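Read off the chains here:
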Amino acid sequence: MEKSLSYQARREVLQHIAPQYRQASPAQKRTLLEAFIAATAYVRKSARWLLNHAEEVQQMQGRSHLRRYVLDVQHALFLA
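Treat the numbers as computed from the prediction; the structure is a model and nothing was measured.

## Here we look at the packing of aromatic side chains
If you walk through the whole model with that rule in mind, you get one aromatic pair. Judged by centre distance (5.9 Å) and plane angle (25°), the rings of Phe 36 and Tyr 42 are stacked. Of the two residues, Phe 36 and Tyr 42, neither departs from the other in class, the shared state being buried. Directly above the aromatic system of Tyr 21 lies the positively charged group of Lys 29, at a separation of 5.2 Å from the ring centroid.

## Considerations on the side chain of Arg 11
Within the secondary structure, Arg 11 is located in helix H1 (residues 7-23). It turns out Arg 11 is buried and unbridged, and the closest side chain with the opposite charge, Glu 12, is 10 Å from it. Reaching out from Arg 11, the side chain makes a polar contact with the side chain of Tyr 42 at a distance of 3.4 Å. In this view, Arg 11 contacts Tyr 42, Leu 50 and Val 57; residues no more than four positions away in its chain are not counted.

## Details of H1
Taking 1.5 Å of rise per residue, the 17 residues of H1 would be expected to cover 24 Å, and the 25 Å separating its terminal C-alpha atoms lies within 8% of that figure. The sharpest bend along H1 comes to roughly 35°, located at Ile 17, with the proline Pro 19 sitting one to four residues further on. Among the residues of H1, Arg 11, Leu 14, Ile 17, Ala 18 and Tyr 21 are the ones counted as buried.

Conventions and cut-offs
- Residues numbered from 1 in each chain as written.
- Predicted model: local features only at pLDDT ≥ 70, side-chain atom pairs only at ≥ 80, totals over all residues.
- Heavy atoms only, no water.
- Phe/Tyr/Trp six-rings, centres within 6.5 Å; stacked < 30°, edge-to-face > 60°.
- Buried < 20%, exposed > 50% of the residue type's maximum accessible area, 1.4 Å probe, protein only.
- Lys NZ or Arg CZ within 6 Å of the ring centre and 35° of its normal.
- Helix = DSSP H or I, 4+ residues; strand = E, 2+ residues; numbered from the N terminus.
- Lys, Arg positive; Asp, Glu negative; His and termini not counted.
- Salt bridge = Lys/Arg side-chain N within 4 Å of Asp/Glu carboxyl O.
- Polar contact = N/O pair within 3.5 Å; in protein donor to acceptor, adjacent residues only side chain to side chain.
- Contact = heavy atoms within 4.5 Å.
- Expected span 1.5 Å × (residues − 1).
- Bend = angle between axes of the 7 residues up to and from the residue.

Structure (structure tokens):
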């Protein structure tokens, strides 16, 4: 059984294939999509969305907010 690609490796494959996918004909898109699915193990619908929104995905980098606790919870965590 093959190991799946890491998150970073899947993003690199996405950045490589996405520009080609956008400019391809429908027949070529089908071939590129199948290759992308085989390489990354994404579900077809997710793979299509990612290939069509690669710029948005590139801008999403983890959490944009930090966890914040109210003072009561901070105090309880400190005592624990």
